[in-house]
Amino acid sequence: MNRREFSATVLGAGLGAASLGLPAHAQGGPVEGRDYVKLSQPLPVPPGKIEVIEFFWYGCPHCNAFEPTLEGWVKKVPSDVAFRRVPVAFRDEPFVAHQKIFYALEAMGQLDAMHRKVFYAIHVDRQRLDKPADIAAFMAKNGVDAAKFTEQYNSFSVQTKTSQAKRLAESYRIDGVPALGVHGRFYTSSSLTGSAERALSVTDFLIQLPPLSGCRRRLNRVLRAAGRSGPPALAPTAGNSG
């Protein structure tokens, strides 16, 4: 969902499902500029693993539909790939409230248990979850300590993380969700590729591109030096851009 679609959805039908016209791509290898975008300026990334980020919004129907496919993909990623989610804020509300839900649950160790329930509440039960009192009531109903949640929700730490998330999405130049950022160098999305499944296939492709495959080879050397086995080294792919 992009900014324009968000506005049309809210004005026309609240937080219900919205149609999204997706381009039909011919079969073949991913193409830069069509299936993915290479950032002009690489972003700093944590050392040691290849980072993949899902940029999402709880209120986005496409993000909600993407979750089961994404979860299946995450379970199969190589051990040298680090996956994380980052909630976006295209404007203050309701985006920031949903960002704070995510980071408050993360701080409480409740994210795994509650992540899909938040999506369900918004897209099936039609709860907006954009007011602190409503959010606290939802948490209490689902067995989360409402007082502790509210404390985290209003904390400086959560506020800092929402600001960092906004800056990161801007650095990746994310203007629609769901989108996938790959190691501070690339991003792709279902709106670029034509489907969620293909976006994940493109992500698999990007993980193997030089210089990311170089990160994997360096990790393999470190693991071998420590007497451990890492994921199999990748052969260079002809015609891939670094």
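Values in this document were obtained by computation on a predicted structure and should not be read as measured data.

S.K.: Describe the overall build of the protein chain, listing the residues and the values that go with them.
M.R.: When helices and strands are tallied, the protein chain shows ten helices and five strands. Expressed as a percentage of the 242 residues in the protein chain, the buried residues total 45%. Split by element, the accessible area of the protein chain, about 12100 Å² in all, is 53% carbon and sulfur.

S.K.: Describe in detail the side chain of Gln-99, supporting the description with residues and values.
M.R.: Within the secondary structure, Gln-99 is located in helix α3 (residues 95-107). Overall, Gln-99 belongs to the buried group, its relative accessible area being 2%.

S.K.: Pulling in residues and values, what's your account of the side chain of Ser-189?
M.R.: Structurally, Ser-189 can be placed in strand β5 (residues 186-189). Apart from residues no more than four positions distant in its own chain, Ser-189 is found in contact with Pro-178, Ala-179 and Ala-199.

S.K.: Tell me about the pairing of β5, and please be specific about residues and values.
M.R.: In the case of a regular strand, side chains alternate between the two sheet surfaces. Burial along β5 is two-sided: Phe-186 and Thr-188 and Tyr-187 and Ser-189, pointing in opposite directions, are all buried. The hairpin formed by strand β4 (residues 179-182) and β5 contains three residues between the paired strands, and His-183 there has a positive phi angle of roughly 50°.

S.K.: Can you break down helix α5 (residues 132-141) residue by residue, with the values?
M.R.: Among the residues of α5, those classed as buried are Ile-135, Ala-136, Phe-138 and Met-139. Angularly, the buried residues of α5 cover 160° about the axis, an arc narrow enough to put them on a single face. Exposed side of α5, more than 90 degrees from the buried face: Ala-133 and Lys-141 are the residues found there. Elements that come into contact with the buried residues of α5 comprise α3, α4 (111-123) and α6 (146-153). Taken from the residues just after α5, Gly-143 is the one with a positive phi, measuring 85°.

S.K.: Run through unusual backbone geometry, naming residues and quoting values.
M.R.: Geometrically, the link from Glu-93 to Pro-94 is a cis peptide bond, its omega value of 5° lying close to zero. By the secondary structure assignment, Pro-94 is in the loop between β3 (81-87) and α3. A cis amide bond links Val-177 to the next residue, Pro-178, at an omega of 0°. As for its placement among the helices and strands, Pro-178 is situated in the loop between α7 (156-171) and β4. Positive phi, normally seen in glycine, also occurs at Arg-126, with a value near 60°. Despite not being glycine, His-183 has its phi angle at roughly 50°, a positive value. Structurally, His-183 can be placed in the loop between β4 and β5. The exposure class of His-183 is buried, given its relative accessible area of 6%.

S.K.: Outline the nonpolar core, listing residues and values.
M.R.: Ranked by internal contacts, the top residues of the largest apolar core, which has 42 residues, are Phe-55, Tyr-58, Ile-101, Met-139, Phe-149, Tyr-172 and Val-177. Ranked by residue count, the leading element in this core is α3, at seven residues. Excluding anything up to four places from it in sequence, Tyr-172 contacts Leu-39, Leu-43, Ile-53, Phe-55, Gly-181, Val-182, His-183, Gly-184, Arg-185, Phe-186 and Tyr-187. Among the nonpolar cores identified, the runner-up in size contains 20 residues, and Phe-205, Leu-206, Leu-209 and Leu-212 belong to it.

Calculation criteria
- Residues numbered from 1 in each chain as written.
- Predicted model: local features only at pLDDT ≥ 70, side-chain atom pairs only at ≥ 80, totals over all residues.
- Heavy atoms only, no water.
- Helix = DSSP H or I, 4+ residues; strand = E, 2+ residues; numbered from the N terminus.
- Buried < 20%, exposed > 50% of the residue type's maximum accessible area, 1.4 Å probe, protein only.
- Areas by Shrake-Rupley, 256 points an atom, 1.4 Å probe, with all protein chains shown as cover.
- Contact = heavy atoms within 4.5 Å.
- Pairing = 2+ DSSP bridges.
- Arc of directions from axis to C-beta.
- Core = buried A, V, L, I, M, F, W, Y, C linked by side-chain atoms within 4.5 Å.

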